[in-house]
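What follows is the residue order along each chain.
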Amino acid sequence: AIADRLGEVKSCLVMFVLHLAALAALTFLPVSAPAVYYGIAFCFGAIYSVVAVGVPMIVRGIYGTERYSQVYSMLSLVQNVGTAVMIAAIGYIYDFSGTYRVATGVCLVLSFLSAGAMLFVRNRKERV
């Protein structure tokens, strides 16, 4: 619904902002009441709408329907490998640092870079 109103890039940016806010809160704020974490968890989960809906819309917008399946399948492979690596990395970072704050900080930087990459490619159209 948000993408229908704002377009794919703006709607993804809204979700990125929510996600980045949640990661910043997890990284920098002191531990607080459990109720606060429900709000943070909701904002953190906003990124899954970008993966499930936003990325396919942006790929289709850049590459068109003809090349969508080829490009999106490769992008999906890279996304899933990256996710698998980061899941293990978060555990290793915790083992070495004794806190999840370092891992959420790394995720904050990577999410910021991902939002920047999306902005970089937003107006590109493949020349056929």
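Below: a short report on this structure. (Residues numbered from 1 in each chain as written. Predicted model: local features only at pLDDT ≥ 70, side-chain atom pairs only at ≥ 80, totals over all residues. Heavy atoms only, no water.)

1. Section: the packing of aromatic side chains
Scanning the entire structure with this criterion turns up two aromatic pairs. Seen in terms of ring centroids, Y68 and Y72 are 5.4 Å apart; in terms of plane orientation they differ by 5°. Their pairing is stacked. Of this pair, Y68 and Y72 both sit in helix α4 (residues 47-97), four residues apart, roughly one helical turn. Residue Y68 is classed as buried on the basis of its relative accessible area of 17%. Taken together, a centroid distance of 4.4 Å and an interplanar angle of 20° make the contact between Y94 and Y100 stacked. Looking at Y94, the relative accessible area reads 33%, which means it is partly exposed. Note on Y100: relative accessible area 48%, which makes it partly exposed. (Phe/Tyr/Trp six-rings, centres within 6.5 Å; stacked < 30°, edge-to-face > 60°. Helix = DSSP H or I, 4+ residues; strand = E, 2+ residues; numbered from the N terminus. Buried < 20%, exposed > 50% of the residue type's maximum accessible area, 1.4 Å probe, protein only.)

2. Structural notes on the environment of R101
Tracing the backbone shows R101 in helix α5 (residues 101-121). Those residues within four positions of R101 in sequence are excluded, and the remaining contacts are L26, T27, F28, L29, P30 and V31. (Contact = heavy atoms within 4.5 Å.)

3. Let's talk about α4
Given 3.6 residues per turn, any residue in an α-helix points the same way as the ones three and four places further on. Helix length check: α4, at 51 residues, gives a terminal C-alpha distance of 26 Å against a target of 75 Å (1.5 Å per residue), a shortfall beyond 12%. Largest kink in α4: about 120°, centred on G64. The elements touched by buried residues of α4 are α2 (8-28), α3 (34-45) and α5. Where α4 terminates, the next one or two residues include G98, which has phi positive at roughly 80°. (Expected span 1.5 Å × (residues − 1). Bend = angle between axes of the 7 residues up to and from the residue.)

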